[in-house]
Amino acid sequence: MLLVLLTHCGTEKEPSHELDSAQVLNIACGREDANPVEQKGCEGSACVVQGHVFGKEVAYLWLDEGELELADLLLKDTWSVPRFEPVRLPQPLTWTEDPYGEKFWRYVFYGLRPTAHLLWAFRETGDGRYRDKLMDIFRSFAANKKNSVFSEDKHGTAYRAMVLVNSYWKLKHADALSWQDTTLLEWLIIEDARFLEDPKHFEAGFNHGFAEAAALLLIAENFPHFKDAPRWRELALERYDDLLTDIIGSDGFIIENSAYYQFYVFTQVYQLSQWAQTYGLEMSPLVREVLERMARFASYVVQPDGRIPMLGASQRLLVRKHQPVLLARMGAAFPELGHMLTAGMCGTAPTERLAFFASSGVAVLRSSFDTALDYQAQTHLVFDTGPYRTDHSHLDALNVVLYSAGRTLLTDSGMFTEEPGEEEAYFRSTRAHNTVTVDGLDQRDGHASPSLTAQGGQWLYQSGFHALYEGVRHWRAVMLLEKDVVLVVDRLLSEDSHRFEQRWQFQPDLTVATQGVSAFVTDPKGKRVLQVTQALPDGLSVSTVRGATRPYDGWYSEDYEVRKASTVLIYPREGTQAHYATLFTSGLNALSPAYVSAVPLQEGVDVHACAAGRGYRIRVQRPAEADEAVTVTAAPESCARENAGSPGSP
């Protein structure tokens, strides 16, 4: 059989990992076409085979990429799955393999996703060994799939269907698919389509549904001669429209409350919309509206260093280096997103320093978007006043994540695992977040409620409340008073006595030392990066925990199944009420004395604060009521108090 390299079919290939930062920047800044038709303009008959146009077989571009080293491992029966060490699986495969006893490994392996390396290597080199190994794996799977309980994972089946469609047509266009193998692959693809069509196998309630609907649509569009293709197309489009409404909130944040899954879905929806536009498939106008909302949320929630806050079930993600060509195209299409992706070099700066996202209850407070200032040193505060919505949500109502002076200072704990057990429960728990626990328990599943959004001059204010502990009402206000100066005020009221713990989580490389009830946080070089000053020391004690296991406490995870010990700063109080006013000063302000005092009032709270020589008086009236109000005035006398003896003096 004559093997024709697919690279001969196109005038230019586009491996994103080979583009340098200047080329990516040119795309994001609109100096190059942001949405070319794959940059693979075809020449000759190989580009249209049996009426099929080359390129239509793949919607998610990352499924079309590969690495020669990993393809060579597969030739030696060694499988590489992200997050795990490569593992050799002796032949013949039984398709019951589960070397790590872990569902993510099974999801990728039984989705046949590692085989993309073989297809890519064949296309790049023309070496028939890669094509032969690819087909050997497909034949082996076809012979054993009926006996494989793992092969029916719904999400994994969606990706397997996309892998099979891509492999089928790539090999067809290369004249490298025999009649027997054509029949085999078509049978596998039809089997997956019928599985995905079944309502019981459609996960409509969270992000998996997007891949499942997209896979069914991809099959219908690439195999219009299949008798059920029209029905599959109609069903897939209907499901996709429902997902856009049900899974992506009206404010653009996915209902799973996960910054990581936000980008996972955002990139999928964008790519499918571009694929549909390229190949003449009309999708709902809702797609563009949803993409605009998702782009707006992404533009605000990403920290100044380009990383996501570890909200909900999240792993680390440096957005500016994630799928760089794809994100650059998206940045060119959505100017505020482009501004974030290029750290202000291109695009349009967001106009709201306090952006409140109503359906998710997420507020983002930021000191500045001005590119004349140090972009990556700005203060960025995320505050959660919203609902618990899916299993990927955490029990984290009124949680705070603080980035300032070039790094994350108060962090969410992240997501360690999805395997049930003590560790999974800890990372979802209330004590693993920057909020207040009651009697050492978790909050109930339920909703927090936003209260007041306000701003004036440099200061920004957001408050919210919940009653997710029986008989306890917790109100919290966060304020960005100026760059590097943040105030958090808590009020918890109950008729019964409780043990309250205000908890602050730090990344593993930070060291926390206490002096009285103040705390000083230093980086690995011994530089102080944050100081924590409390307003109401009477009756307040302080402790820390790091890397405990009975019970789990003081852990951080930014990579799946990898956890690191991290310090948690704990401020307990006991009684029927608990009041806290906590001042965080970072950057150069972390080196200067700070002062904060608070007087709880029947109808609110009166706070005086001093940082970097500037004094403030903050008065909150009727917290958590419909007519809650806040006033902020300059108060030089607050710094006079600090000079007289500050609880926050170093």
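Here the structure is a predicted model, which means the values were calculated and not measured.

Engineer: Could you give an account of the confidence of the model for the protein chain, with specific residues and numbers?
Structural biologist: Looking at the protein chain, the pLDDT average stands at 91 and 93% of residues meet or exceed 70. Here residues 1-17 is a poorly scored stretch, pLDDT under 50, and it has 49 contacts once near neighbours within four places are set aside; other chains count. Every residue in residues 644-650 scores below 50 in pLDDT, and together they form 22 contacts with partners more than four places removed in sequence or on other chains.

Engineer: Before we move on, can you summarise the environment of Arg614 with the specific residues and values?
Structural biologist: Take Arg614: it is sitting in strand β26 (residues 614-621). Note: C-alpha distance between Arg614 and Ala594 (20 residues apart in sequence) is 9.7 Å. Once residues lying within four places of it in the same chain are set aside, the contact partners of Arg614 are Glu482, Ala609 and Cys639.

Engineer: Any details on the packing of aromatic side chains? Residues and values, ideally.
Structural biologist: To describe a pair of aromatic rings, one takes the distance between the centres and the angle between the planes. Evaluation of the coordinates by the stated rule reveals 33 aromatic pairs. Geometrically, the ring pair formed by Tyr110 and Phe150 is tilted, given 5.4 Å between the ring centres and 55 degrees between the ring planes. Placement of the pair is Tyr110 in the loop between α3 (103-109) and α4 (116-125) and Phe150 in the loop between α5 (128-144) and α6 (154-173), with a sequence separation of 40 residues. On the basis of an interplanar angle of 55 degrees and a centroid distance of 6.5 Å, the ring pair of Trp275 and Tyr279 is categorised as tilted. Through successive ring pairs, a cluster of aromatic residues spans Trp79, Trp95, Trp105, Phe109, Tyr110, Phe141 and Phe150. The lysine or arginine in question, Arg366, covers the ring of Tyr375, its NZ or CZ lying 4.7 Å from the ring centre.

Engineer: Now, about the pattern of salt bridges: what can you tell me, with residues and values included?
Structural biologist: With the rule as written, the count across this model stands at 38 salt bridges. Across the pair Arg444 and Glu470 runs a salt bridge, and its minimum N-O distance is 3.7 Å. Highlighted residues: Arg444 in the loop between β10 (436-438) and β11 (449-456) and Glu470 in the loop between β12 (459-469) and β13 (472-482), separated in sequence by 26 residues. The residue Arg476 makes a salt bridge to Asp490 at a minimum N-O spacing of 2.6 Å.

Engineer: I'd love a proper account of the sheet that holds strand β24 (residues 594-601), names of residues and values included.
Structural biologist: Overall, antiparallel pairing links the 4 strands, which are arranged β24-β25-β26-β27 in an open sheet. Two strands close off the open sheet at either side, each with one partner strand: β24 and β27 (629-634). Averaged over all neighbouring strand pairs, the angle between strand axes comes to 15 degrees, with direction disregarded.

Engineer: So what's going on with empty space enclosed by the protein? Which residues, and what values?
Structural biologist: Evaluation of the coordinates by the stated rule reveals 6 cavities of 30 Å³ or more. In this structure, the largest cavity occupies an estimated 80 Å³ of space. Residue lining of the largest cavity: Phe253, Asn257, Leu311, Gly312, Val362, Val382, Asp384, Ser393, His394 and Asp396, and that is the complete set. A per-class count over the lining of the largest cavity returns 4 nonpolar, 4 polar and 2 charged. For the second largest cavity, the calculated volume is near 70 Å³.

Engineer: Give a description of a negative patch on the surface that names residues and reports values.
Structural biologist: Side chains of Glu234, Glu238, Asp242 and Asp246 sit close together on the surface and give a patch of like negative charge. Within the fold, Glu238 resides in helix α9 (residues 229-246). Overall, the relative accessible area of 47% leaves Glu238 in the partly exposed class.

Engineer: Would you mind going over the state of the cysteines in detail, with residue names and values included?
Structural biologist: Note on terminology: disulfide describes a covalent bond linking the sulfur atoms of two cysteines. Scanning the entire structure with this criterion turns up 1 disulfide. Here Cys610 connects covalently by a disulfide to Cys639, the sulfurs 2.1 Å from one another. In this structure, the disulfide formed by Cys610 and Cys639 twists by about 95 degrees around the S-S bond and is classed as right-handed. Residue Cys610 is found in strand β25 (residues 604-611), and its partner Cys639 is found in helix α15 (residues 636-645); the two are separated by 29 residues along the sequence. Per residue, the accessibility class of Cys610 equals that of Cys639, and both read buried.

Engineer: Got a sec to walk through the packing of α5 against helix α7 (residues 179-197)? Specific residues and values, please.
Structural biologist: Running from amino to carboxyl end, α5 crosses α7 at an angle of 50 degrees, the nearest separation of the two axes being 11 Å. What the angle tells us is that α5 and α7 run oblique. For the element pair α5 and α7, the recorded crossing hand is left-handed. Side by side, α5 and α7 meet where Arg131, Met135, Phe138, Arg139, Phe141 and Ala142 of the first sit next to Asp181, Leu184, Leu185, Trp187 and Leu188 of the second. Of the residues in the contact of α5 with α7, the class split is 8 nonpolar, no polar and 3 charged.

Engineer: Lay out unusual backbone geometry with the relevant residues and their values.
Structural biologist: Glycine aside, residues mostly have negative phi, and peptide bonds are mostly found in the trans state. The omega angle of the peptide bond from Gln91 to Pro92 is -5 degrees, so this bond is cis rather than trans. Mapped onto the elements, Pro92 comes out in the loop between β4 (87-88) and α3. Between Arg550 and the following residue, Pro551, the backbone shows a cis peptide bond with an omega angle of 0 degrees. Along the chain, the position of Pro551 falls in the loop between β19 (548-549) and β20 (552-553). Of note in this structure, Asp175 is not a glycine but carries a positive phi near 55 degrees. Residue placement: Asp175 occurs in the loop between α6 and α7. Backbone geometry at Arg622 places phi at a positive 55 degrees, although glycine is not the residue there. If you trace the backbone, Arg622 turns up in the loop between β26 and β27.

Criteria and cut-off values
- Residues numbered from 1 in each chain as written.
- Predicted model: local features only at pLDDT ≥ 70, side-chain atom pairs only at ≥ 80, totals over all residues.
- Heavy atoms only, no water.
- pLDDT = per-residue confidence, 0-100.
- Contact = heavy atoms within 4.5 Å.
- Helix = DSSP H or I, 4+ residues; strand = E, 2+ residues; numbered from the N terminus.
- Phe/Tyr/Trp six-rings, centres within 6.5 Å; stacked < 30°, edge-to-face > 60°.
- Lys NZ or Arg CZ within 6 Å of the ring centre and 35° of its normal.
- Salt bridge = Lys/Arg side-chain N within 4 Å of Asp/Glu carboxyl O.
- Pairing = 2+ DSSP bridges.
- Axes fitted to C-alpha atoms, helices over the stretch in contact; angles between N-to-C directions.
- 1 Å grid on protein atoms, 1.4 Å probe; cavity = no way out; pocket = protein on both sides within 12 Å on 5 of 7 lines; lining within 4 Å.
- Points joined across faces, edges and corners; volume = space filled by probe spheres on them.
- Nonpolar A, V, L, I, M, F, W, Y, C, P; charged D, E, K, R; others polar.
- Patch = residues over 30% accessible without salt bridge, like charges linked within 9 Å, V, L, I, M, F, W, Y side chains within 5 Å.
- Areas by Shrake-Rupley, 256 points an atom, 1.4 Å probe, with all protein chains shown as cover.
- Lys, Arg positive; Asp, Glu negative; His and termini not counted.
- Charge placed at Lys NZ, Arg CZ, Asp CG, Glu CD.
- Buried < 20%, exposed > 50% of the residue type's maximum accessible area, 1.4 Å probe, protein only.
- Disulfide = S-S within 2.5 Å.
- Parallel < 35°, antiparallel > 145°, perpendicular 65-115°, else oblique.
- Left-handed = near helix turned anticlockwise from the far one by under 90°.

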